[in-house]
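# Residue-level structural notes
If you want the building blocks of each chain, they are given just below.
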Amino acid sequence: MNTANRATMMLETPFHSRVKELCQINDWGNWMGFTTPNAFFDVELEYFAVRSTTGVFDLSPMNKYRITGPDAEAYLNKMVTRNVSKIGLNRVGYTVWCNDAGQVMDDGTIFRLGPNDFRLCSYQRATDWLLWCAMGFDVSISDETDHLAALAVQGPTSCTTLTQMGLHDLNTLKPFGMREYDFEGEKLMISRTGFTGDLGYEVWVSPERAEPLWDQLFEAGRDYLIKPFGSYALDIARIETGFIQAGVDFVPAEEMVRPGRTRSPFELGLDWLVDLEKPLFNGRKSLIAEKEKGSRYRFAILNIDGNKPADHSFILKGDQQIGTVTSAAWCPTAKSNIAFAQLEMPEGGVGQEYVAEIYYQRELHWTRVLAPCRVLDGPIFNPKRRRQTPAIPH
Amino acid sequence: MTDFDAIIIGGGHNGLVCAGYLAKAGKKVLVLEARSVPGGCAATNEFVPGFKVSNCAQWLYQLSPAIIKDFKLKSHGLSFAAENLATIALDASENHLRISGDSLEGAGISSEDHENFRVFRRKMRKYAKLMQSAYEARPPKLVEHDWRDKFTMAKLGLGMKGLGKDDMSDLMRLILINIFDVMNETFASEQLRAALALDAVIGTPMGPRSPNTVFTYLHRFFGETQGFTGVSQVAGGLGALGDALSQSVTALGVEVRCNQSVTSINKTHDKATGVTLASGENLSASMIVSSADPVTTFRTLLGYSNVETGFARRIEHIRTKSGTAKIHLALTALPNFKGLDEAALKQRLIIAPTMNDIERAFNALKYDECSDHPALDISIPTLNDPSLAPPGQHVLSAIVQYAPHSPKAGWDSLRETFLDRVIGEIERYAPGISDLVCGKELLTPSDLEADFGMTGGNWHHGELTMDQVLMTRPAHGATQYRTPINGLYLCGAGSHPGGGLMGLAGKNAAQEIIRLGDAA
Ligand SMILES: Cc1cc2nc3c(=O)[nH]c(=O)nc-3n(C[C@H](O)[C@H](O)[C@H](O)COP(=O)(O)OP(=O)(O)OC[C@H]3O[C@@H](n4cnc5c(N)ncnc54)[C@H](O)[C@@H]3O)c2cc1C
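Residues numbered from 1 in each chain as written. Chains lettered and ligands numbered in written order. Predicted model: local features only at pLDDT ≥ 70, side-chain atom pairs only at ≥ 80, totals over all residues. Heavy atoms only, no water.

### Some thoughts on the overall build of chain B
On a plain count of helices and strands, chain B comes out with 18 helices and 19 strands. What you see for chain B is a C-alpha radius of gyration of 22 Å, in line with the 24 Å of a compact globule of 520 residues. Across its three principal axes, chain B shows a C-alpha extent of roughly 70 × 60 × 45 Å. The buried share of chain B, reckoned over its 520 residues, is 60%. Put simply, of all contacts in chain B between residues at least 6 apart along the chain, 74% involve residues at least 24 apart. Accessible area for chain B stands at about 18500 Å²; split by element, carbon and sulfur atoms hold 52% of it. If the 50 positive side-chain charges of chain B are averaged to one point and the 55 negative ones to another, these points end up 7 Å apart. (Helix = DSSP H or I, 4+ residues; strand = E, 2+ residues; numbered from the N terminus. Rg over C-alpha atoms; globule rule 2.2 N^0.38 Å. Buried < 20%, exposed > 50% of the residue type's maximum accessible area, 1.4 Å probe, protein only. Contact = heavy atoms within 4.5 Å. Areas by Shrake-Rupley, 256 points an atom, 1.4 Å probe, with all protein chains shown as cover. Lys, Arg positive; Asp, Glu negative; His and termini not counted. Charge placed at Lys NZ, Arg CZ, Asp CG, Glu CD.)

### Things to note about the interface of chain B and chain A
Counting residues at the interface gives 17 residues for chain B, matched by 18 residues for chain A. With both sides pooled, the region where chain B packs onto chain A buries about 1400 Å², and carbon together with sulfur makes up 52% of that total. Considering only the side of chain B, the residues that lose the most area to chain A are E308, T309 and R313 of chain B, jointly responsible for 45% of the buried surface there. Where chain B touches chain A, the interface holds one salt bridge. Across the pair E254 of chain A and R313 of chain B runs a salt bridge, and its minimum N-O distance is 2.9 Å. Inspection of the chain B/chain A interface yields 11 residue pairs in polar contact (both at pLDDT 80 or more). Here the residues of the side of chain B that touches chain A sort into five nonpolar, seven polar and five charged. (Buried area = accessible area lost by both parts, 1.4 Å probe. Salt bridge = Lys/Arg side-chain N within 4 Å of Asp/Glu carboxyl O. Polar contact = N/O pair within 3.5 Å; in protein donor to acceptor, adjacent residues only side chain to side chain. Nonpolar A, V, L, I, M, F, W, Y, C, P; charged D, E, K, R; others polar.)

### Observations concerning the site of the ligand
All names here are of chain B. Surveying the vicinity of the ligand reveals 35 residues, the closest of which are E33, W59, W459, G500 and L501. Between a nitrogen atom of the ligand and a main-chain N or O atom of A34, the distance comes to 3.1 Å. Separating an oxygen atom of the ligand from a backbone N or O atom of Q58 is a distance of 2.9 Å. When isolated, the ligand has an accessible area of 990 Å², and the protein chains bury 98% of it. When residues of the shell around the ligand are traced back to their parent elements, those giving at least two are α1 (13-24) and α17 (445-452). Built from parts of two domains, the shell around the ligand gets at least three residues from each of domain 1 (4-46 + 61-80 + 236-319 + 454-519) and domain 3 (320-452). (Near = heavy atom within 4 Å. Domains from an automatic or database assignment.)

### A word on the pairing of strand β16 (residues 375-379) of chain B
Residue and element names in this part refer to chain B. Where burial is concerned, most of β16 is hidden: five out of the five residues are buried. Two strands pair when backbone bridges link them, and strand β15 (residues 348-351) and β16 are joined in this way by three bridges, in the antiparallel orientation. Looking across to β16, one finds that I351 is bridged to L376. Direction of pairing for β16 relative to strand β17 (residues 394-401): antiparallel, over a ladder of five bridges. Counterpart to D377 in the pairing with β17 is I399. (Pairing = 2+ DSSP bridges.)

### Observations regarding the domain arrangement of chain B
Residue and element names in this part refer to chain B. Domain annotation of chain B identifies domain 1 (4-46 + 61-80 + 236-319 + 454-519), domain 2 (113-226) and domain 3 (320-452). Distance from the C-alpha centre of domain 1 to the C-alpha centre of domain 2: 26 Å. Contact residues are listed per partner, giving 28 residues for domain 1 and 25 residues for domain 2. Of the roughly 2500 Å² buried between domain 1 and domain 2 on both sides combined, carbon and sulfur atoms contribute 64%. When the area that domain 1 buries against domain 2 is broken down by residue, the three leading residues are M466, M471 and Q480, summing to 25%. Where domain 1 meets domain 2, there are one salt bridge. A salt bridge links R138 to E512, with the shortest nitrogen-to-oxygen separation between them at 2.6 Å. Linking domain 1 to domain 2 there are 10 residue pairs in polar contact (both at pLDDT 80 or more). The element contributing the most residues to the side of domain 1 that touches domain 2 is helix α18 (residues 504-516), with four residues. The residue inventory of the side of domain 1 that touches domain 2, partitioned by class, reads 13 nonpolar, 11 polar and four charged.

### With respect to the side chain of R119 of chain A
Residues and elements named next belong to chain A. Its location among the elements puts R119 in strand β9 (residues 117-122). Within the structure, R119 has its side chain in polar contact with the side chain of E144 (distance 2.7 Å). Dropping the residues within four chain positions of it, R119 is found in contact with K64, Y65, R66, T109, I110, F111, L113, E144, L148 and M189.

### Observations concerning the side chain of T262 of chain A
Position of T262 of chain A among the secondary structure elements: in the loop between α7 (231-240) and α8 (284-293). Look past the residues within four positions of T262 of chain A in its chain and what remains in contact with it is Q103, V251, A253, M256, E267 and R296 of chain A.

### Considerations on the sheet that holds strand β20 (residues 353-362) of chain A
All names here are of chain A. Within the closed barrel, the six strands sit side by side as β16-β19-β18-β17-β20-β21. Their pairing is antiparallel. Pairwise comparison of adjacent strand axes, ignoring direction, gives a mean angle of 40° for this sheet. The sheet contact formed by strand β16 (residues 297-304) and strand β19 (residues 336-344) spans eight bridges and is antiparallel. Bridge pairing links A300 to A341 in β19. (Axes fitted to C-alpha atoms, helices over the stretch in contact; angles between N-to-C directions.)

### Considering the domain arrangement of chain A
Interface size is often expressed as the accessible area that is lost when the parts come together. By the assigned domains, chain A splits into domain 1 (3-60 + 148-229) and domain 2 (296-382). The distance between the C-alpha centroids of domain 1 of chain A and domain 2 of chain A comes to 32 Å.

### Topic: the packing of aromatic side chains
Going through the model one piece at a time under the given rule, you end up with 19 aromatic pairs over all chains. Through pairs of rings, three or more aromatic residues link up here, namely F117, F120, F187, Y217 and F221 of chain B. For K291 of chain A, the ring lying beneath its charged end belongs to F266 of chain A, and the centroid distance is 4.5 Å. (Phe/Tyr/Trp six-rings, centres within 6.5 Å; stacked < 30°, edge-to-face > 60°. Lys NZ or Arg CZ within 6 Å of the ring centre and 35° of its normal.)

### Looking at the pattern of salt bridges
All names here are of chain B. One pass over the full model with this rule turns up 47 salt bridges over all chains. R360 serves as the salt-bridge partner of D357, at 3.7 Å between the closest nitrogen and oxygen. Note that D357 and R360 are positioned in helix α13 (residues 355-366) at a spacing of three residues, about one turn of the helix. According to the relative accessible area criterion, R360 is exposed, its value standing at 54%. Taking the shortest distance from any N to any O, the salt bridge between R415 and D447 comes out at 2.9 Å. Residue R415 is located in helix α15 (residues 411-427), and its partner D447 is located in helix α17; the two are separated by 32 residues in the primary sequence.

### Observations concerning the pairing of strand β17 (residues 314-317) of chain A
Residues and elements named next belong to chain A. Across four bridges, β17 lies against strand β18 (residues 320-331) in antiparallel orientation. Bridge pairing links I315 to G323 in β18. Counted between consecutive antiparallel strands, the loop separating β17 from β18 contains two residues, among which G318 sits at a positive phi close to 65°. As paired elements, β17 and β20 share three bridges and run antiparallel to each other. Across the sheet, I315 pairs through a bridge with A356, a residue of β20.

### Observations concerning the environment of T13 of chain A
Turning to its location among the elements, T13 of chain A is positioned in the loop between β2 (10-11) and α1 (16-22). Sequence separation of T13 of chain A and M165 of chain A is 152 residues, and the distance between their C-alpha atoms is 22 Å.

### Thoughts on the nonpolar core
Residue and element names in this part refer to chain B. The biggest cluster of nonpolar side chains holds 53 residues, and the ones touching the most others in it are M183, L192 and L196. Elements that contribute at least two residues to this core include exactly β7 (97-100), α3 (111-135), α4 (147-163), α5 (165-176), α6 (179-186), α7 (190-201), α8 (213-221) and α13. A total of nine residues in this core trace back to one element, the largest contributor, which is α3. Dropping the residues within four chain positions of it, L192 is found in contact with L97, I99, L104, I109, F117 and F187. L16, I67, C491 and L516 belong to the second-largest nonpolar core, a separate cluster that totals 40 residues. (Core = buried A, V, L, I, M, F, W, Y, C linked by side-chain atoms within 4.5 Å.)

### With respect to the environment of A240 of chain B
All names here are of chain B. Of note, A240 is situated in helix α9 (residues 239-251). For the pair formed by A240 and P497, sequence separation is 257 residues and the distance between their alpha carbons is 24 Å. Residues in contact with A240, not counting those within four places in the same chain, are T44, V234 and A235.

Right, dumping it as structure tokens:
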């Protein structure tokens, strides 16, 4: 069980004792009720650990659900937009799921542990929706959030570090593959997945094995400059590599209060996740209608002149406001000023040029910058090592 | 090629009416009825050898005259044993109140209340007329604005305007409060208040103080727009209505098969293609029209796995509680009701002395218990129709408010007690009646559910509450008789305008299906 800290009323993850020790600047955030570090010592240096050596991120607060039973595959196929039948055994798939109106409720990953045995990781607490979706299916659903501790181990030396720790032949694991290893008398599950767009893994153990995992990992990674990283560094990495985040780049559909504020997968640039050939899934009818009628918005990755992050900026075309920025960061590796924007259709075609209206403040002095920007054809950071198998040794 | 153009699930009156109109439009139609006879809740049963009774619905008070005419029901055997009966509200001290149309008799009603009653009914008639414009058409949709819906809305709107400012604001006020308050502010006589309040709660799991009860009152009062000023009794019991309808639609080319229980609605992709029967037989049709209640239709027959989750959740949320039971007594002789002659016993008798008595009876239902002193709506059908029992003997049938679907103690242990309790209640007004009982039957909401296949045993196939009427009946995604599955339609009481032997759900559904034509 995760324990609540009486002083802060926040839950602590199974790694908390270790995380606390390394969190030098005491900058804590709230992730779904868990106290998690925004930063450990320096956001940029943490970020560079991910891009240059190995960064470790505690993702235990991630909601994890186990879905089993004869109808498990059929059930997931109805719930999510992509075709789960195409996710092979010991493979992982990224997906979104929608409400009937075809608006994205959440995104997450599906781990196929058996023919009818899956783990679903979600940003939102999902028990209620998962159970509603289960009506008419022979499945059982259990919340494993508290029963699994997890670390993201990301960066060019991550494979080598984990191999050092004893996960032999890890370099043969393909992207989105997963595998089990013996660890401290139990099974450790590792998947080649992550939220940084780099070579990287996610390691899953029981909460009882969390501390030994952390200790052994940091021991093995010492020579490879292993560092923990917090959510601010993660944010830069995910923006650099084009990953949207629930609650930031879209409003989870069933939490929306004001009509029209939600987005469809098409409007989030996730067409590739939507399999309209599937006979039935939540939102299908509405998405087919949207295909016919056209979407309201287009997701765009913008490359913005200058180095002022375009947080919350309006995007202008001439003097007309055509969209807003949902995520923005100066991306150090790509040396680019990147923003995700929601642009009103038909705007947002690749190569289109607009102006970002950026406001920033220095010593109580607000400045407005009108920075030219251009729609990119995809994420700006997408290194080969992310996909290469066997993973490159160091 | 399919076996039929349309398969109708359920041969209740709405299913048959829908089938008939579709046949008139040239469709090849099959009706599949699980029970051994057509008619659904319009049924007659020999509950004791030699004694027959309308074993679910007992009165006709809102059947559309257009349907009687369109299907020539009179020439197919429908006849009334009695029409537009008075309602007699029984009083323990024999001060009975007789209500007939606009007139009140007895019970020391003040001249003010006589006038109040006329004014009240005039107002209700205006409101019922307004409902009529909405009831006799498909319900408008909430969001999309089709011209047809606009027309219905306009009629509603014009009707509202026609009401005048005072009546309209009064309607808006009334519809949101409850019958208890309305009665208190309108009448001085408690006996009169209670008699009218009973009409508001019959067939609902609500008490006089519950919100929605002005709407349910109006729903019943709607019958006045269909030419009824009181309840009528069908000769041979209500099964005769089922038979007449079945005969008539058969003559129109509809095939009506009884003892055919549908176990699933089949589909490819998102188009309904046919049904599977309990026998294992598969039948195909280009459209399936279900008169089974919406929860049965989607949960049991189609399966929630075949519809999107938000929709399934809305269907699962449809409230289908019932507090209504039926009791049937076989009597060796005509009972003697204190202060009532034989002519009076031919009328509709009700036992609901005060609104608080009804409310207390309702209290029990909240906790899934049986009322100590249930309110009763009684018919002695054999007086108007001697064919229902051996000569000189009689049947008493009563609608009982309130009995739960699933009492904590279970019906097995309660059945006899509750039956005797109801008889005891009648005995107070008809001393000696228990000695005349030679056979008796209690149909609880769960018995009614099992026999007639309606979820919860609910009179309306889904409660008639403000959130489950008009453009939200039965639920968003299944309004206007259409469903998320192409080729699958609803036509029963669970859809607009709701339950009661009215036939409008079946008729509106058929019209909508015909209108959609091949576009469907
Ligand atoms: C106790 C009680 C008393 C009532 N009294 C009155 C009254 O006095 N006056 C009045 O006007 N109204 C009364 N009502 C209400 C009225 O009976 C109903 O609202 C009305 O009968 C609904 O008609 P319907 O045709 O829509 O459905 P139903 O009459 O319920 O018919 C539906 C039919 O579908 C069949 N069916 C269901 N599932 C399947 C399946 N899977 N396969 C095949 N067939 C299936 C059922 O067997 C049934 O015959 C009463 C209701 C109850 C419960």
